[in-house]
Amino acid sequence: MFTGIDEVDWASLRHAYGSAEDVPGWLRALASADTAERATALDGMFGAVHHEGRVYDSTLACVPFLFALAAREEVPDRGCIVELLVSIGGEGVGGAEGVGGPKGRERAAHSGSGGGGASAEGSGARGNPRSAKAPSTAEAPGIVGNAENPRDGGTPRTAQDPGTSDGSERDRRAREAVCAGAGVFAALVGDPDPAVRRAAAGALVRFLEEPPRVLALLRQRLRAEREGCVLLALTEALGLFAHRYPAHADGALDLLAEQSAPPYAPGLRLAALGQLALRAPGRLPADLVPAAVQLLQQRSAQRLRRQEQAGTDTLVRRIRRLRPSDEQGAMLLRTLHSALGDRVDDRIALLTGQLTSPDPVDRCNAVWMSAGLFRGWRGAYDGPVRLLGAQLGSEQDRLRDAAVSVLAELFALAAPAADDLHALVAARPDLWTHRWERSSPTLGGPLKALARTGDPRAVPPLAQLLAGPSAPVGLGCEVAHLGRAAAPLAPAVRHRLGRVPLDSPTAARLAAPLLTAVRAVRDRHAVPELLRLLSGAPDGLGARDAVVGQVIETLAELGAAAEAAPLLRGLLRTRHAVTAAGALWSADGDAGAVLPVLLRELAQPDPLVRASAARQLAGLGPAARGALPELRRLAGAGPLRERVPAACALWRIAGDPDPVLPVFRYAWTADPRTRAPIARCLATMGPAAAPLHDLLVTELTDPRRHTAQQGAYGHRDIPDDEELLWMCRGVLAGL
């Protein structure tokens, strides 16, 4: 297995933490009879030699020895070794397989997020705590260290590796190396070890570039295989084959169609339907969703029967009963949801079936899948939201907490579950706050979700928290969602704002949420507390400088800027000049005092400052005509987030739509994040916005949220998108 290993100059090669001189020891340990030694070695391989899916020169040097290990039946845990080879040779994120590819799954496994394929089943790579210290993918391709060892908790450092090619070249060479040894995978699909067979199925499709032979091997194995986890891997491999080899796809799709029908087991049929939905939607049955729900319930019943028939009660089994999970089932349904894509009504129907399952594990999986649907797609969600609310009465904390977490993201869309949220808040005061270890208390999920719906029943418990000695710091931000219904809370909020220690480093952190609440309830009586926060301006603010802009905007919103005029004038030469100038204009309407300041800020090198100045100039209206030449220049070129506020200002000042609408049309398509400010401006234009009618209609008929991003989301994505839809409807109504 290790012929030639000592002839490699490992000390001259590198991995994520420096010299690769420890790699031969890890390779030898992979063949050890000691379980702990093997685990440590695999941890080193994934954590250093193939850190976060990267390929180093030492990674390439390991490939022949990994193949030799995988081919020897006496070596334990070879399924993990095959998965390591698959990850080393894989296209990675952004490649042909996207996030479902081997490197995407390897990263998911190490981050603890599960994922598809074999690694989700528990025999894949061990989790690696060092992955939290990963360098970003934008760093230099050669990653070296200062002789730090991952076993000592060293952190990867970036530098150019002398004598190595860039990352893309090493990735190419890694794939070539794994493809060159892919004949081993052909033998391993029939290996005695199910974990090896499971890992080899996908490896065969990815690296043995002989489609007829690969399909024949998959068909042969499918007929002979009896292990459920391997059959699922073979099903996924057939779907991948259809994707990679369209000219040969019919044979794989025929096998998938066969697997989707009786007499195959419910789980395997679900997997086959998911792959057909991904690769050949036209071959799906007309009753796909009812069939999938029925198969899910049948599969769950079988799984529960197997658990009841299990042998001796052990500690592990007792723990699993306390925290039941079904990652395999979750993977099957995630695949189906992903394949259905923009078929939102079908996905709602599927989700409804999942959320009404008698199995709480199925319902818990459904709750988390609903989050992905809500974040990415628009739809009529009252029904699923009510079903989420029904989970709040569950005796299983895990299911209840999952439902609360998703409902808290929905804001006003969670209103159909408000009764259930209120019942939970009323029954469980212990859930009003949550305290993380060694940190301040935060507002508890049920009360937060109820407040975000705007339901006034959240006011009494919030009042109790505000009256207590340790109200959550961020409570004010949630009070703001109640609007005028939170008026009874105004005195308590005002009292807490007046107690913010002015000289404390935490002054801004404590004040910011309370300022949000004051502005939302329009508490005019809080003006003295607001002015107190500005005391010492401009030079003696200390940590409060971080909230000066918020204080000024709140004063202006309350119509109290005139009371702060002397302080505001003192801020016209600071970084708060734009906000202060806008507030002074709202106080006395003296353009002669504020226009020169805004023109000066409009010429600043920082595009954020220029955009802010443009927004304030828009508020001056025709009085800001002196800014038109510079605003026209800014609207004509530069970053879209600067061009859009400049164009809005042009409209508000000159009232001419001709130079404005082309900017809006281009920005609307080029950068979805500009749509909300554009829609706000269009709402002021009336019939002059008619030439953009098509954009508004298209937005309202698009099932995809404008805030949706692959692999990322913000906590306000859903309410921000719903607000855009509301504004678009308003603009169309005004045309």
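Preceding block: the structure.
Residues numbered from 1 in each chain as written. Predicted model: local features only at pLDDT ≥ 70, side-chain atom pairs only at ≥ 80, totals over all residues. Heavy atoms only, no water.

Explain the environment of Gln710 to me, please; I cannot follow it from the model alone.
Tracing the chain through its elements places Gln710 in the loop between helix 36 (693–701) and helix 37 (717–734). Here the alpha-carbon distance between Gln710 and Gly376, two residues 334 residues apart in the chain, equals 9.1 Å. (Helix = DSSP H or I, 4+ residues; strand = E, 2+ residues; numbered from the N terminus.)

Got a minute to help me understand the packing of helix 16 (residues 344–355) against helix 17 (residues 360–376) in this structure?
The contact between helix 16 and helix 17 brings their axes to 8 Å, and the two run at 155°. Between helix 16 and helix 17, the interaxial angle falls into the category roughly antiparallel. Remark: the crossing between helix 16 and helix 17 carries left-handed chirality. Seen from helix 16, the contacting residues are Arg347, Ile348, Leu351, Gln354 and Leu355; seen from helix 17, they are Asp362, Arg363, Ala366, Val367, Met369, Ser370 and Leu373. (Axes fitted to C-alpha atoms, helices over the stretch in contact; angles between N-to-C directions. Parallel < 35°, antiparallel > 145°, perpendicular 65-115°, else oblique. Left-handed = near helix turned anticlockwise from the far one by under 90°. Contact = heavy atoms within 4.5 Å.)

Could you clarify how one ought to interpret the side chain of Glu699 in this entry?
Take Glu699: it is sitting in helix 36. When its relative accessible area of 4% is taken as the criterion, Glu699 is described as buried. Not counting residues within four places of it along the chain, the set of residues in contact with Glu699 comprises Arg378, Trp668, Arg675, His706, Leu724, Leu725 and Cys728. (Buried < 20%, exposed > 50% of the residue type's maximum accessible area, 1.4 Å probe, protein only.)

Before we go on, may I ask you to explain the side chain of His576 in this structure?
Relative to the helices and strands, His576 is located in the loop between helix 28 (565–570) and helix 29 (577–588). Classification of His576 as buried rests on a relative accessible area of 6%. Non-local contacts of His576, meaning those with residues more than four positions away in its chain, are made with Asp545, Val548, Gly549, Ile552 and Leu571.

Can you help me understand helix 4 (residues 78–89) in this one?
Each turn of an α-helix holds 3.6 residues, which means side chains three or four residues apart point in the same direction. If you check helix 4, its first and last C-alpha atoms are 17 Å apart, about what 12 residues at 1.5 Å a residue would give, namely 16 Å. With 12 of 12 residues buried, helix 4 lies mostly within the body of the structure. When we look at burial in helix 4, the residues that qualify are Arg78, Gly79, Cys80, Ile81, Val82, Glu83, Leu84, Leu85, Val86, Ser87, Ile88 and Gly89. (Expected span 1.5 Å × (residues − 1).)

Could you clarify how one ought to interpret helix 17 in this entry?
With 17 residues, helix 17 ought to run about 24 Å at 1.5 Å a step, and its terminal C-alpha atoms sit 25 Å apart, in line with that. Within helix 17, 13 of the 17 residues are buried, leaving the element largely enclosed by the surrounding structure. Where helix 17 begins, the side chain of Asp359 points an oxygen toward the backbone nitrogen of Val361, at a separation of 3.0 Å. (Polar contact = N/O pair within 3.5 Å; in protein donor to acceptor, adjacent residues only side chain to side chain.)

Hey, could you run me through unusual backbone geometry in this one?
Excluding glycine, most residues fall at negative phi; most peptide bonds, likewise, are trans. Omega for the peptide link from Pro262 to Pro263 comes to 10°, which places this bond in the cis form. Looking at where Pro263 falls in the secondary structure, it is placed in the loop between helix 11 (249–259) and helix 12 (266–279). Ala537 connects to Pro538 through a cis peptide bond whose omega is 5°. Along the polypeptide, Pro538 turns up in the loop between helix 26 (527–533) and helix 27 (548–557). For Asp77, which is not glycine, the phi torsion reads 55° and is therefore positive.

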